[in-house]
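# Descriptive structure summary
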Amino acid sequence: MNRFDNMLGEMCSIDREAAKRGWLNEMHPLVKLFITIWYICVVISFKNNMLTGILSMSLYLIVCFLMADISLYKCLKRMRMVLFAFFIFGGANILFSGDLYIGITGALGFWSKGIMSVFAVYVLIVTTSIDDICEALRIIHVPELLVTVIMLIYRYINILIKETKRLSESYFVLSPGQKGIHVKVWGQFAGNIMLRSIDRAKRVYDSMNMAGYEWRILSGNHKKYRLGTGSIIWLLIWTGIIAAFRIFPVFELVGNVFVG
């Protein structure tokens, strides 16, 4: 199994995890979307040197990982490229800071905020299907065309990966012994991928139109969601906790109680 098969397998695995039964999975998608956005906004509002406050925000992630039985190993594996990018950008604080202590503190704060934001998005992805996320966007009246574009981009990622896999296999059959694609054909290779993907996507779109698909989805046709008591309680609790952790140095106050 090559890396393209691994990518397709990971996408299918994430879809299965989002579709499984569970209290957090079955929660109203709008509640999960709102809490995720609220959490990220609060996390990035901390200054990089406020490490205690930033780390206190990990409570939400710990609870979600435990309640939804989310694998930390899979999370790190799937999001490794994004986390690596945060690591590189955070390291710039150390290189370009005049003071080593301030640079290290700033880097640690930047890394912490980046990791927590990525983890929060990951929790949303593995507990909420793309259809449910799009439905939450419809509920808050995001333009239907934009929602449909988001949904189709996600669906067409599979097409792009499959076309890239086919071209790669053809290239290595015609160029045996090469460990990678030669730099001279990168432009031609990328162009062929784009043209083949567009052609494949057009055929999929034509099939959807023949089946009666329209991007304007009437409000009475899509899935109905009920904002249950559990979802409301979850929303109120975590909105309050996240706000409290941002306003008050909770970890420092608790530490002073025990030390005192």
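The structure this text deals with has already been given above.
All of these numbers come straight from a predicted model, not from anything done at the bench. Sequence order sets the numbering: in each chain, residues are counted from 1 along the sequence as written. In view of the model being predicted, local features appear only for residues whose pLDDT reaches at least 70, and side-chain atom pairs are presented and counted only at 80 or more, with totals across whole chains, interfaces and linings using the full set of residues. Side-chain numbers come from the whole structure's heavy atoms, not from hydrogens or water.

We now examine helix α11 (residues 229-247). Over its 19 residues, α11 runs 27 Å from end to end, which matches the ideal 27 Å to within 8%, given 1.5 Å per residue. Each residue's exposure class comes from its accessible area (1.4 Å probe, protein chains only) as a fraction of the maximum for that residue type: buried when under 20%, exposed when over 50%, partly exposed otherwise. Secondary structure is summarised from DSSP: a helix means a run of H or I of at least four residues, a strand means a run of E of at least two, and numbering begins at the N terminus for each. Residues S231, W234, W238, I242 and F245 constitute the buried set of α11. Each buried residue of α11 lies within a common arc of 80° when the element is viewed along its axis, so the set occupies one face. In α11, the exposed residues that point more than 90 degrees away from the buried face are T229, L236 and I247. For a helix, the expected span equals 1.5 Å multiplied by the number of residues minus one. This arc is taken over the directions from the axis of the helix to the C-beta atoms.

Quick look at the side chain of S112 now. By secondary structure assignment, the location of S112 is in helix α7 (residues 100-127). The exposure class of S112 is buried, given its relative accessible area of 17%.

With 17 residues, helix α6 (residues 80-96) ought to run about 24 Å at 1.5 Å a step, and its terminal C-alpha atoms sit 25 Å apart, in line with that. Taken together, the buried positions of α6 are L83, G90 and G91. Mapping the buried residues of α6 onto a view down its axis gives an arc of 110°, with all of them on the same face. More than 90 degrees from the buried face of α6, the exposed residues found are M81, F89, L95 and F96.

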